[in-house]
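# A look at the structure
These are the residues of each chain, in order.
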Amino acid sequence: MENFRKVVLCLTVIMMGIFCAKCRDPVLHRVGGGRYTWAPNINFKDWSSHEQFFVGDWLYFGFDKHLYNVLEVNKTSYEKCIDKGFMKNITRGGRDVFNLTEARPYYFLSGRGYCFKGMKVEILVRDYHAPPAIPIVVHKTSAADISRNNIQLVLIATALVWTFLFKYI
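Described in the following lines is the structure provided in the data block. (Residues numbered from 1 in each chain as written. Predicted model: local features only at pLDDT ≥ 70, side-chain atom pairs only at ≥ 80, totals over all residues. Heavy atoms only, no water.)

### A closer look at the sheet that holds strand 5 (residues 88-89)
Let me state the cut-off plainly: For two strands to count as paired, DSSP must find a minimum of two bridges between them. Put simply, DSSP H or I for four residues or longer makes a helix, DSSP E for two residues or longer makes a strand, and each gets a number counted from the N terminus.
Spatial strand order, 2-8-7-4-5: five strands in an open sheet with mixed pairing. At either margin of the open sheet sits one strand with a lone partner, and together these are strand 2 (53-54) and strand 5.

### Topic: the nonpolar core
One broad trend across soluble globular proteins is that nonpolar side chains are buried collectively. Short version of the rule: Joining through side-chain atoms within 4.5 Å is the link that ties buried Ala, Val, Leu, Ile, Met, Phe, Trp, Tyr and Cys residues into a set, and such a set is a nonpolar core. Only protein chains enter the calculation, and the probe is 1.4 Å; a residue is then buried if its accessible area is under 20% of its type maximum, exposed if over 50%, and partly exposed in between. Working rule for contacts: check all heavy atoms of both residues, and any pair within 4.5 Å makes them a contact.
Among the nonpolar cores identified, the biggest contains 21 residues, and Trp38, Leu59, Phe61, Phe108 and Ile123 are the most heavily contacted of them. The set of elements that each furnish at least two residues to this core consists of helix 2 (44-49), strand 3 (58-62), strand 7 (105-109) and strand 8 (120-126). Top contributing element to this core by residue count: strand 8, with three residues. Not counting residues up to four positions away in its chain, the partners in contact with Leu59 are Leu28, His29, Val31, Phe53, Asp96, Val97, Phe98, Leu100, Phe108 and Ile123. In this structure, Leu71, Val73, Cys81 and Tyr107 belong to the second largest nonpolar core, which totals seven residues.

### Observations concerning the pattern of salt bridges
Here is the rule: Throughout this description, the term salt bridge denotes a Lys or Arg side-chain nitrogen within 4 Å of a carboxyl oxygen of Asp or Glu.
Inspection of the entire model under this criterion finds three salt bridges. The partner of Asp83 in a salt bridge is Lys84, and the shortest N-O contact between them spans 3.5 Å. By relative accessible area, which is 22% here, Asp83 ends up partly exposed. Residue classification places Lys84 among the exposed residues on the basis of a relative accessible area of 62%. The closest approach of N and O atoms between Arg104 and Glu102, which form a salt bridge, is 3.6 Å.

### Remarks on the sheet that holds strand 1 (residues 28-30)
Condition: Axis definition: a line fit to C-alpha positions, over the contact stretch in the case of helices; interaxial angles, taken between N-to-C directions, run 0 to 180 degrees.
Spatial strand order, 1-3-6: three strands in an open sheet with mixed pairing. This sheet does not close on itself; its edge strands, each paired only once, are strand 1 and strand 6 (95-99). Neighbour-to-neighbour, the strand axes of the sheet open up by a mean angle of 25°, direction not taken into account.

### What about the state of the cysteines?
A covalent bond between the sulfur atoms of two cysteines is what we call a disulfide. Defined as follows: Here, the term disulfide refers to a pair of cysteine sulfur atoms separated by no more than 2.5 Å.
Evaluation of the coordinates by the stated rule reveals one disulfide. Disulfide pairing places Cys81 opposite Cys115 at an S-S distance of 2.1 Å. In this structure the cystine formed by Cys81 and Cys115 twists about its S-S bond by roughly -70°; its chirality is therefore left-handed. Here Cys115 lies in the loop between strand 7 and strand 8 and Cys81 lies in the loop between helix 3 (75-80) and strand 5, a separation of 34 residues in the sequence.

### What about the packing of aromatic side chains?
In plain terms, the rule: Stacked, tilted and edge-to-face pairs are distinguished by plane angle, under 30 degrees for stacked and over 60 for edge-to-face with tilted covering the rest, among Phe, Tyr and Trp rings (Trp via its six-membered ring) whose centres lie within 6.5 Å.
This structure, assessed with the given rule, holds 10 aromatic pairs. Aromatic pair Trp38 and Phe61: ring centres 5.1 Å apart, planes at 85°, arrangement edge-to-face. Of the two residues, Trp38 is situated in the loop between strand 1 and helix 2 and Phe61 in strand 3; the sequence distance between them amounts to 23 residues. The pair Trp38 / Phe61 is uniform in exposure class, with both members buried.

Written out as structure tokens, the structure is:
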């Protein structure tokens with residue numbers, strides 16, 4: 001019985017690996033490209049255009065919390081540098097992170113007039129779609145070939161299952 005559990009566990013791990021092949025690890029993006037680059041005179045538009053943001057990724061804002069802040073705002077506030085009525089103040093200690101939880105545009109700016117000095121960034125977040133692992137090749141086959149191949153696969157799979165069941169039970 002113990003061996004049967006090991007086989008089931010092994011098969012479960014293999015199946016999880018197959019399903020997670022479409023996953024990707026989250027990425028931490030340092031906004032502006034450096035450790036403390038949430039500051040004036042950084043070209044955030046250029047920086048963000050060279051990054052790819054996916055759901056689950058994180059943004060890192062490094063800055064002097066006594067001078068700057070980080071506010072999530074809507075598109076209108078972003079375009080007009082309005083720091084009132086923001087959606088969320090993510091400022092905590094000057095080394096702050098923000099999780100990108102959905103596929104949509106995010107808008108961030110620094111208040112206190114620094115937005116007008118370029119401290120704003122638009123982040124376009126997409127869902128991740130894994131590239132196909134193996135290209136699909138279509139061969140011309142007859143219906144008889146397909147039927148014969150399916151029967152062979154079913155017989156092999158059935159034999160393997162019965163082998164495992166009778167060997168470990």
